[in-house]
Amino acid sequence: MTTPRPDHSSDNPEDFQPELPTNRVSHVLDTAIAVLGKGLSWLWLATLVVVLTNVFSRFILGRGSIALEELSWHFFGATMILTLAYAVVTDDHVRVDVLREKFSLRFQAWVELLGILLLVLPVLYFMIDGLTEYAYRSFERSERSQAPSGLPYRFIIKTTLPIGMALIALALSSRALRCCTFLFGFPRQLLLRRPVDHR
């Protein structure tokens, strides 16, 4: 039996991860990341517009643009990295579901908690540290595209890398807190009031 997919039309974290209880901290983090993720998802529309403009300019008008081509992958990369945390909060990231479904919820919570604390968060820490320095060096050198007609301010796209990793770290920290609430009762579970359906 599979867990029913959550309703992503709501910003309520309880709708994203119904199998784990929420607490005050995770509720705030999940809601903030959900709202931010939905806002940033509009960048996919901007990415599509830039890609289509580039295709039209190159193949219809016969005028290729290095700046447009670079802008398309800048938008794609930034949108992808900045919305990954939303996938964590909504539980839409890749899992080995064939194995996971066979485990009890308590065992799943232990695996997630230990995996987040011992593996993922330490790796993310080093990634954020290295990527922050990487973006700062780009800013210091006023790095721009190597192509003569390419885009300037290369540090902007590079800055999205540590920001995206930090958002993922926050989303996973929230998930770890939810596991702690389920396993240990701490932090204390937050009981959310749901609106009464008067139909």
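A brief report on the enclosed structure follows. (Residues numbered from 1 in each chain as written. Predicted model: local features only at pLDDT ≥ 70, side-chain atom pairs only at ≥ 80, totals over all residues. Heavy atoms only, no water.)

1. Some thoughts on a nonpolar patch on the surface
At step 1: A cluster of nonpolar side chains, Trp 110, Leu 114, Leu 117, Leu 118, Leu 119, Val 120, Phe 184 and Phe 186, forms an exposed patch at the surface whose accessible area comes to about 830 Å².
At step 2: Looking at the nonpolar patch element by element, the count peaks at six residues for helix α6 (residues 105–140).
At step 3: On the secondary structure map, Leu 119 appears in helix α6. (Patch = residues over 30% accessible without salt bridge, like charges linked within 9 Å, V, L, I, M, F, W, Y side chains within 5 Å. Areas by Shrake-Rupley, 256 points an atom, 1.4 Å probe, with all protein chains shown as cover. Salt bridge = Lys/Arg side-chain N within 4 Å of Asp/Glu carboxyl O. Helix = DSSP H or I, 4+ residues; strand = E, 2+ residues; numbered from the N terminus.)

2. What to know about the nonpolar core
At step 1: Formed by 23 residues in total, the largest nonpolar core has its most connected members in Ala 85, Leu 113, Leu 124, Met 165, Ile 168, Ala 171 and Leu 172.
At step 2: Those elements that place two or more of their residues in this core are α2 (24–40), α4 (66–89), α6 and α7 (155–184). (Core = buried A, V, L, I, M, F, W, Y, C linked by side-chain atoms within 4.5 Å. Buried < 20%, exposed > 50% of the residue type's maximum accessible area, 1.4 Å probe, protein only.)

3. Comments concerning α4
At step 1: Taking 1.5 Å as the rise per residue, α4 with 24 residues should run 34 Å; its terminal C-alpha atoms sit 36 Å apart, in good agreement.
At step 2: The axis of α4 is deflected most strongly, by about 35 degrees, at Thr 83.
At step 3: Of the residues making up α4, those classed as buried are Glu 70, Ser 72, His 74, Ala 78, Thr 79, Ile 81, Leu 82, Thr 83, Ala 85, Tyr 86, Val 88 and Val 89.
At step 4: Immediately beyond the C-terminal end of α4, within one or two residues, lies Asp 91, with a positive phi of roughly 60 degrees. (Expected span 1.5 Å × (residues − 1). Bend = angle between axes of the 7 residues up to and from the residue.)

4. Overview of the side chain of Thr 79
At step 1: For Thr 79, the position within the fold is in helix α4.
At step 2: Using a relative accessible area of 0% as the deciding quantity, one classes Thr 79 as buried.
At step 3: In this structure the side chain of Thr 79 is engaged in a polar contact, spanning 2.7 Å, whose partner is the backbone oxygen of Phe 75.
At step 4: Every residue in contact with Thr 79, bar those within four places of it in the chain, is listed here: Leu 40, Leu 43, Trp 44 and Thr 47. (Polar contact = N/O pair within 3.5 Å; in protein donor to acceptor, adjacent residues only side chain to side chain. Contact = heavy atoms within 4.5 Å.)

5. Describing unusual backbone geometry
At step 1: Looking along the chain, the bond that leaves Phe 186 and enters Pro 187 is cis, with omega of -5 degrees.
At step 2: For Pro 187, the location among the structural elements is in the segment after α7.
At step 3: Despite not being glycine, Ser 142 shows a phi value in the positive range, around 50 degrees.
At step 4: Turning to its location among the elements, Ser 142 is positioned in the loop between α6 and α7.
At step 5: Backbone geometry places Tyr 153, a non-glycine residue, at a positive phi of 55 degrees.
At step 6: Structurally, the position occupied by Tyr 153 is in the loop between α6 and α7.

6. Considerations on the packing of aromatic side chains
At step 1: Enumeration according to the criterion identifies seven aromatic pairs in this entry.
At step 2: Here Trp 44 and Phe 76 contribute two aromatic rings whose centre-to-centre distance is 5.5 Å and whose plane-to-plane angle is 70 degrees, an arrangement assigned as edge-to-face. Taken together, the residues span a long stretch of sequence, with Trp 44 in helix α3 (residues 43–60) and Phe 76 in helix α4 at a distance of 32 residues.
At step 3: For Trp 44, a relative accessible area of 32% translates into the label partly exposed.
At step 4: Phe 76 gets classed as partly exposed once you look at its relative accessible area, which sits at 44%.
At step 5: Between Tyr 136 and Phe 139, the aromatic rings sit 6.3 Å apart at their centres with planes inclined by 35 degrees, giving tilted as the arrangement. A residue pair is termed a helical-turn pair when its members lie 3 or 4 positions apart in one helix, as Tyr 136 and Phe 139 do in helix α6 at three residues.
At step 6: Here a set of aromatic residues connected by ring pairs shows up, and it is made of Tyr 136, Phe 139, Tyr 153 and Phe 155. (Phe/Tyr/Trp six-rings, centres within 6.5 Å; stacked < 30°, edge-to-face > 60°.)

7. Side note on the packing of α2 against α7
At step 1: Packing of α2 against α7 brings their axes to within 9 Å, and their N-to-C directions diverge by 145 degrees. Once α2 is placed against α7, the crossing between them reads as left-handed. The segment α2 lies against α7, with Val 25, Ser 26, Leu 29, Asp 30, Ile 33 and Leu 36 engaging Leu 167, Leu 170, Ala 171, Ser 174, Leu 177 and Arg 178.
At step 2: The residue inventory of the contact of α2 with α7, partitioned by class, reads eight nonpolar, two polar and two charged. (Axes fitted to C-alpha atoms, helices over the stretch in contact; angles between N-to-C directions. Left-handed = near helix turned anticlockwise from the far one by under 90°. Nonpolar A, V, L, I, M, F, W, Y, C, P; charged D, E, K, R; others polar.)

Purely geometric stuff here, so don't read any function into it on its own.
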